[in-house]
Structures are given as structure tokens and as C-alpha cells.
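Coordinates in review
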Amino acid sequence: AQGDAPGVVAMVANREGMIYQGAFGERALGSGVKMTVDTVGWIASMTKAVTSVAAVQCVERGLIDLDAPASAIVPQLADVQVLTGFDNQGMPTYRAPKRDITLRHLLTHTAGFSYEIWNQDMQKVQAALDIPSVTECRNKALRLPLLFDPGERWEYGINIDWAGKMVEAVSGKSLGLFMQENLFDPLAMHSTSFKISASMRERISGVHLRGPDDSLAPFPFELPQEPEFEMGGGGLYSTAGDYLRFVRMILNNGQLAGERVLKPESVWALGQNQMGD
């Protein structure tokens with residue numbers, strides 16, 4: 001009512017089950033369509049935890065070594081260089097990294113990758129080399145350099161998209177299909193996918209932007225439904241209820257309703273410092 005948000009879905013759960021759920025406002029301002037507890041939304045970077053768990057499933061199965069060179073699985077990572085600056089023509093200059101990128105680096109955002117939305121140097125690289133935003137889900141979007149040597153700093157970026165590429169390479173399946181078979185089906189997350197199904201579209205909420213006067217207005221944005229790659233760092237659509245099933249799996253040490261998707265020791269490791277000081 002105050003205009004802080006077009007609509008809200010709020011839920012509380014613990015490992016046993018749902019404690020509270022409610023929905024308020026509209027799915028899209030001015031639509032007259034009320035927000036409901038089963039409303040579908042773009043969950044953006046909340047996708048990262050799901051992709052990370054999929055990658056850990058591959059580690060459990062011996063398909064990926066956390067500390068081996070990731071380029072052995074995704075050869076393009078062998079070509080990634082560290083950005084050193086720009087020449088007189090505005091073209092980026094590089095040097096070789098001191099060590100190989102590993103899955104552990106990718107999962108902890110310590111590989112050296114960034115996001116252009118928070119880094120002006122990445123914006124300059126994109127402009128110079130005609131590299132699109134990652135939300136276009138084009139493979140060229142991932143061809144960004146590193147800001148520092150792997151394992152030496154922390155920077156939020158396209159790391160989990162590369163982790164998703166590793167899952168695809170070792171499984172021989174698209175990231176979405178791997179998740180469907182190994183997470184969404186076992187956990188009964190029936191409204192979670194990179195591709196918006198007909199049923200999901202009937203319940204989808206819109207994206208809004210805030211204007212200069214602080215007012216909100218609908219903004220026609222949707223991720224590509226026939227992407228070059230499924231964006232492990234931010235591509236999923238889901239519901240609050242589905243996501244809480246994923247969270248409750250973590251709270252229950254890797255299983256929900258008798259369906260185990262992670263070993264308890266893997267869940268324990270998810271909560272530990274994996275990047276040192």
C-alpha cells in the first residue's frame with residue numbers, strides 16, 4: 001500500500017515444514033491480478049545456491065575434483081587471462097594467471113571473475129570487445145577476463161555460470177535437465193525451471209523498475225527462453241514454496257521427505273569457510 005513493492009510473497013519454514021505463508025499486492029502493478037503464494041518469479045542470483053549444490057552432487061559422484069584445474073573439464077577456462085589495464089586505443093591488456101581456476105574457486109567467488117554491473121573495467125572490456133551482458137545468456141558473455149589471480153581475493157561475478165558449464169560437461173546434460181532429475185523432481189519443486197512452462201506462465205509476476213520520482217512501473221523483462229546457455233548464476237524461475245523445499249533439504253542435512261540429494265558431510269561442508277583468511 002505504501003508503494004515499497006508491487007507485491008510480496010512471504011513464507012517461514014523450519015526443517016519440519018511450513019510455519020507461515022502469505023501473499024499481498026499485485027503480480028504486476030495495475031494488472032488487478034493479485035499476488036498469490038504460488039506466484040512464479042525470476043529468482044535471479046538465488047539460482048547460485050541451486051547450481052552450487054548440483055556441482056557438489058557431481059563432486060560426490062567423483063565427476064569433478066574440487067581442486068583440480070577446471071579447464072580439464074571446460075577447456076575455455078584455460079584461455080582466461082588477468083586484466084592488467086587498457087592500451088591507448090582502449091583495448092584491454094592481459095597477463096597469464098599464476099594458477100589454474102578450480103571448482104572451489106568458482107563456488108566461492110575467488111576465481112577472479114566479476115560482474116560488469118559493479119565493475120567499470122568489465123564494462124570497458126565489454127564495450128571494447130562487444131561482449132554482451134550475462135543476462136542475454138549468450139556464450140560470449142562469459143568471455144570476460146579475471147581481475148586478480150585465482151584464490152587471492154573475493155569478487156562476486158560469473159563464477160557460478162562457469163560451475164554450471166562444468167556440471168553440463170561431466171553429466172552430458174543441460175544444466176536444467178540435470179537439476180530436474182537430481183533436485184527438482186526428488187524435492188517436488190514442480191514450479192522451478194530455466195524455461196517457463198505454460199503452468200508457470202499463468203502464475204508469473206512481472207519485473208518492475210523505480211523511476212526518478214521513486215514510483216514503480218512494470219518493466220518488460222524476461223530471460224531468453226531459447227538461450228545459448230542456461231545461466232547457473234541467475235537464470236531460474238521459481239516460487240517461494242519451491243525454494244523453501246530446497247532450503248529445507250539443506251536444513252535436513254541433504255534430504256527431504258525421504259529423498260536424499262546430498263550426503264550429510266557435503267551439507268556440513270557448505271557451511272564452512274572454503275577460502276581461508
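Everything that follows concerns the structure shown earlier in this document.
Notes on the structure in this doc start here.

How each quantity is defined
- Numbers given for residues are sequential positions, taken from 1 along each chain in its written order.
- In keeping with the predicted nature of the model, local features appear solely for residues at pLDDT of at least 70, side-chain atom pairs appear and are counted solely at 80 or more, and the whole-chain, interface and lining totals rest on all residues.
- Note: side-chain values were computed over all heavy atoms of the structure, leaving out hydrogens and water.
- Put simply, DSSP H or I for four residues or longer makes a helix, DSSP E for two residues or longer makes a strand, and each gets a number counted from the N terminus.
- Radius of gyration: over C-alpha atoms. The globule rule applied is 2.2 Å multiplied by the number of residues raised to the 0.38 power.
- Using a 1.4 Å probe on the protein chains alone, a residue whose accessible area is under 20% of its type maximum counts as buried, one over 50% counts as exposed, and one in between counts as partly exposed.
- Between two residues, a contact is recorded if the distance between any of their heavy atoms is within 4.5 Å.
- Surface accessibility follows the Shrake-Rupley procedure with a 1.4 Å probe radius. Residue values consider only the protein chains on display as shielding.
- A positive count includes Lys and Arg, and a negative count includes Asp and Glu. His and the chain ends are not counted in either.
- All charge positions are set by atom: Lys at NZ, Arg at CZ, Asp at CG, Glu at CD.
- Space inside and on the surface of the protein is sampled on a 1 Å grid over the protein atoms alone, with a cavity defined as a set of points where a 1.4 Å probe fits but cannot get out and a pocket as an open set with protein on both sides within 12 Å along at least 5 of 7 lines; lining residues have an atom within 4 Å of a point.
- Grid points are joined across faces, edges and corners, and a volume is the space filled by probe spheres set on the points.
- Axis definition: a line fitted to C-alpha atoms, over the contacting stretch in the case of helices. Angles run 0 to 180 degrees between N-to-C directions.
- Rotating anticlockwise by less than a right angle from the far helix to the near helix defines a left-handed crossing, while the corresponding clockwise rotation defines a right-handed one.
- Polar here means any residue outside two lists: the nonpolar Ala, Val, Leu, Ile, Met, Phe, Trp, Tyr, Cys and Pro, and the charged Asp, Glu, Lys and Arg; Gly therefore counts as polar.
- Note on pairing: two strands pair once DSSP finds at least 2 bridges between them.
- What makes a salt bridge here is a side-chain nitrogen of Lys or Arg within 4 Å of a carboxyl oxygen of Asp or Glu, nothing more.
- What qualifies as a polar contact is a pair of N or O atoms within 3.5 Å, subject to a donor-acceptor requirement within protein and to the restriction that residues adjacent in sequence count only when both atoms come from side chains.
- Take the buried Ala, Val, Leu, Ile, Met, Phe, Trp, Tyr and Cys residues and link them wherever side-chain atoms come within 4.5 Å; each set so joined is a nonpolar core.
- Only residues above 30% relative accessible area that lack a salt bridge enter a patch, with like-charged residues linked at up to 9 Å and the nonpolar side chains Val, Leu, Ile, Met, Phe, Trp and Tyr linked at up to 5 Å.

1. Points about the overall build of the protein chain
Counting secondary structure elements, the protein chain contains eight helices and ten strands. The globule rule puts the C-alpha radius of gyration for 277 residues at 19 Å, and the 20 Å found for the protein chain is close to it. The dimensions of the protein chain, computed from C-alpha atoms along their principal axes, are 55 × 50 × 35 Å. The 277 residues of the protein chain split such that 43% are buried. In the protein chain, the share of contacts with a sequence separation of at least 24, taken over all contacts with a separation of at least 6, comes to 68%. Carbon and sulfur atoms form 52% of the exposed surface of the protein chain, whose accessible area is close to 13,700 Å². With 24 positive and 32 negative side-chain charges, the protein chain shows a spacing of 2 Å between the two charge centroids.

2. Details of unusual backbone geometry
The phi dihedral of Ala 44 falls on the positive side, at around 50°, and the residue is not glycine. Residue placement: Ala 44 occurs in the loop between strand S3 (41-42) and helix H1 (47-60). Residue classification places Ala 44 among the partly exposed positions, given a relative accessible area of 23%.

3. As for empty space enclosed by the protein
Scanning the entire structure with this criterion turns up one cavity of 30 Å³ or more. In this structure, the largest cavity occupies an estimated 40 Å³ of space. Forming the boundary of the largest cavity are Cys 137, Phe 194, Leu 223, Pro 224, Pro 227, Phe 229, Glu 230, Met 231 and Gly 235.

4. Focus on the packing of H1 against helix H4 (residues 159-171)
Taken N-terminus to C-terminus, the directions of H1 and H4 make an angle of 40°; their axes are 9 Å apart at the nearest point. With respect to the hand of their crossing, H1 and H4 are arranged in left-handed fashion. Along the contact surface, H1 presents Lys 48, Thr 51, Ser 52, Ala 54, Ala 55 and Cys 58, while H4 presents Ile 160, Gly 164, Val 167 and Val 170. Residues of the contact of H1 with H4, tallied by class, amount to six nonpolar, three polar and one charged.

5. Focus on the pairing of strand S6 (residues 207-210)
It is a general feature of regular strands that their side chains alternate between the two faces of the sheet. Pairing between S6 and strand S7 (residues 216-219): four bridges, direction antiparallel. From the neighbouring strand, Val 207 faces S7, where its bridge partner is Phe 219. Adjacent in sequence and paired antiparallel, S6 and S7 are bridged by five residues, among which Asp 214 carries a positive phi angle near 75°.

6. Some remarks on the side chain of Arg 203
Examined against the element boundaries, Arg 203 turns out to sit in the loop between helix H6 (198-201) and S6. Comment: no salt bridge for buried Arg 203; closest opposite-charge side chain is Asp 38, at 4.3 Å. At 2.9 Å, the side chain of Arg 203 and the backbone oxygen of Asp 38 are in polar contact. With residues up to four places along the chain from it excluded, the contact list for Arg 203 reads Arg 27, Asp 38, Thr 39, Val 40, Ser 191 and Thr 239.

7. Focus on the pattern of salt bridges
A full pass over the atoms with the stated rule returns eleven salt bridges. The partner of Arg 27 in a salt bridge is Asp 38, with the nearest N and O atoms 3.9 Å apart. Of the two residues, Arg 27 is situated in the loop between strand S2 (18-25) and S3 and Asp 38 in the loop between S2 and S3; the sequence distance between them amounts to eleven residues. Residue class for Arg 27 comes out buried when judged on its relative accessible area of 11%. Between Glu 136 and Arg 138 there is a salt bridge; the shortest N-O distance is 3.0 Å. Looking at Arg 138, the relative accessible area reads 33%, which means it is partly exposed. Ionic contacts of the salt-bridge type, sharing partners, join the residues Arg 95, Lys 98 and Asp 149 into one network.

8. Things to note about the nonpolar core
Considering soluble globular proteins, one finds that nonpolar side chains tend to be buried as a cluster. In this structure, Leu 77 and Phe 113 are the most contacted members of the largest nonpolar core, which totals 61 residues. Counting only elements with at least two residues in this core, the list comes to H1, strand S4 (82-86), helix H2 (103-107), helix H3 (120-129), H4, helix H5 (175-184) and helix H7 (240-251). Tallying contributions element by element places H1 first for this core, with six residues. Not counting chain neighbours up to four residues away, the residues in contact with Leu 77 comprise Ala 70, Ser 71, Ile 101, Leu 106, Phe 113 and Trp 162.

9. Describing a nonpolar patch on the surface
On the surface, Val 8, Val 12, Ile 19, Tyr 20 and Phe 24 cluster together into a nonpolar patch covering about 450 Å² of accessible area. Elements that contribute at least two residues to the nonpolar patch include exactly strand S1 (7-13) and S2. The leading source of residues in the nonpolar patch is S2, at three residues. Tracing the backbone shows Tyr 20 in strand S2.

In short, geometric facts, not functional conclusions.
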